[in-house]
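Structural features, examined
Given next are the chains, with one letter for each unit.
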Amino acid sequence: MRWLRRNVTNEGVVTTSDAWLLHRLTGAYVTDVTTASRTLLLDLAARTWSERASAAFGLDAVDLPEVVGCAQEIGRTDAFGPSLRLSGLSVDQQAALVGEHCLEPGESKCTYGTGAFLLANAGPRPITSSGGLAVSVAWQTGDGAAYCIDGQVYAAGAAVAWLQRWGFLRRAEELDAVAGSVPDSGGVTVVPALSGLGAPWWQPDALASIEGIGPGTEPAHVVRSTLEGLAAQVTLLAAPQRPISVDRSPSCGWTAD
């Protein structure tokens, strides 16, 4: 948002794609609390825009959309013919957390696509992660909310696509068979950081690497080691967390219990 302000325009508002779409459909200028919590601009405890965080990025919280709950009615639209109520908003990974029925504290899911995203229900209060993971709002219905701990592996399916592109695999469906055709990785170590490293390193400029290739290395060793690298990253995300409760302090922002 700040880059667009600095390099493109100072006119109008700069916001997220959901707010733009909702405005086109209903005229309302809103975003839901789960989407807002992924911007780094939300006060997680109050679930409102943080003027302090906005100022740190050179933004004005007044220009940001109204933050609403996940189940409230936003407005009505006639874009599809008859007038329809529009409600039900959530960002993708939090929606998956609900879709996987992780409704109680401690329940978690890991969904795999381009990347792998592990979220754990953290209960009704914002916490900080002892393992370097992100914390977001999981959902808000009425006045109540749940929070989640969030870890990301940026390249999962993308790593499989890379194996196909370079001929290690002919088809993604062959992944298990090829990886299982060798008893181990044969000394090959793959760090599949094709889009940088997410949690808990947070190094978007990190590069992937393949080490330990020798005269006996087969394509299957690279495939197996790539899967092992992905599994290792997800396992690290799932390592036991030591939740640290935080209370909102008017004087200093956040204090740990």
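None of the values given here were measured: they were computed from a predicted structure. (Residues numbered from 1 in each chain as written. Predicted model: local features only at pLDDT ≥ 70, side-chain atom pairs only at ≥ 80, totals over all residues. Heavy atoms only, no water.)

A short note on the pattern of salt bridges
For the structure on display, the rule yields five salt bridges. Where Asp 150 meets Arg 38, a salt bridge forms, and the shortest distance between an N and an O atom there is 3.4 Å. A residue pair is termed long-range when its members are at least 10 positions apart, and Asp 150 in strand β11 (residues 144-153) and Arg 38 in the loop between α3 (33-36) and β2 (42-43) qualify at 112 residues. The exposure class assigned to Asp 150 is buried, which follows from its relative accessible area of 2%. The salt bridge partner of Arg 224 is Glu 228, with a shortest N-O separation of 3.3 Å. Of this pair, Arg 224 and Glu 228 both sit in helix α8 (residues 219-237), four residues apart, which is roughly one turn of the helix. Classification of Glu 228 by relative accessible area gives partly exposed; the value is 37%. (Salt bridge = Lys/Arg side-chain N within 4 Å of Asp/Glu carboxyl O. Helix = DSSP H or I, 4+ residues; strand = E, 2+ residues; numbered from the N terminus. Buried < 20%, exposed > 50% of the residue type's maximum accessible area, 1.4 Å probe, protein only.)

Focus: the nonpolar core
Counting 32 residues, the largest nonpolar core has Leu 42, Trp 49 and Leu 97 as the members making the most contacts within it. Here this core gets five residues from one element, more than from any other, and that element is β11. Among all residues touching Trp 49, those that are not within four sequence positions of it are Thr 31, Ala 36, Thr 39, Leu 41, Leu 42, Asp 43, Ala 61, Leu 64, Pro 65 and Val 67. (Core = buried A, V, L, I, M, F, W, Y, C linked by side-chain atoms within 4.5 Å. Contact = heavy atoms within 4.5 Å.)

Side note on the pairing of strand β5 (residues 73-77)
One face of the sheet, then the other: side chains in a regular strand alternate in exactly this way. Relative to strand β6 (residues 84-87), β5 runs antiparallel, the two sharing four bridges. What sits directly across from Thr 77, in β6, is Leu 84. Once β5 ends, the chain turns through six residues before running back antiparallel as β6, passing Gly 81 with a positive phi of about 115°. (Pairing = 2+ DSSP bridges.)

Some thoughts on the side chain of Ser 129
Mapped onto the fold, Ser 129 is located in the loop between β9 (127-128) and β10 (134-141). Judged by its relative accessible area of 16%, Ser 129 is buried. Here the side chain of Ser 129 touches Gly 131 through a polar contact of 3.0 Å, landing on its backbone nitrogen. Only 3.1 Å separates the side chain of Ser 129 from the backbone nitrogen of Leu 133, close enough to count as a polar contact. (Polar contact = N/O pair within 3.5 Å; in protein donor to acceptor, adjacent residues only side chain to side chain.)

Details of unusual backbone geometry
With an omega of -5°, the peptide bond running from Ala 199 to Pro 200 counts as cis. Among the secondary structure elements, Pro 200 is positioned in the loop between β12 (189-191) and β13 (209-211). Phi angles above zero are rare outside glycine, and Trp 202 is one such case at about 55°. Here Trp 202 lies in the loop between β12 and β13.

What about the sheet that holds β10?
Here we have four strands laid out as an open sheet, ordered β7-β8-β11-β10, and antiparallel in their pairing. Bordering the open sheet on either side are β7 (108-112) and β10, each of which pairs with just one other strand. The average angle at which neighbouring strand axes cross in this sheet is 30°, direction not considered. Here β10 runs beside β11; their pairing, made up of seven bridges, is antiparallel. Residue Trp 139 lies in a different strand from β11, and its bridge partner there is Ala 146. (Axes fitted to C-alpha atoms, helices over the stretch in contact; angles between N-to-C directions.)

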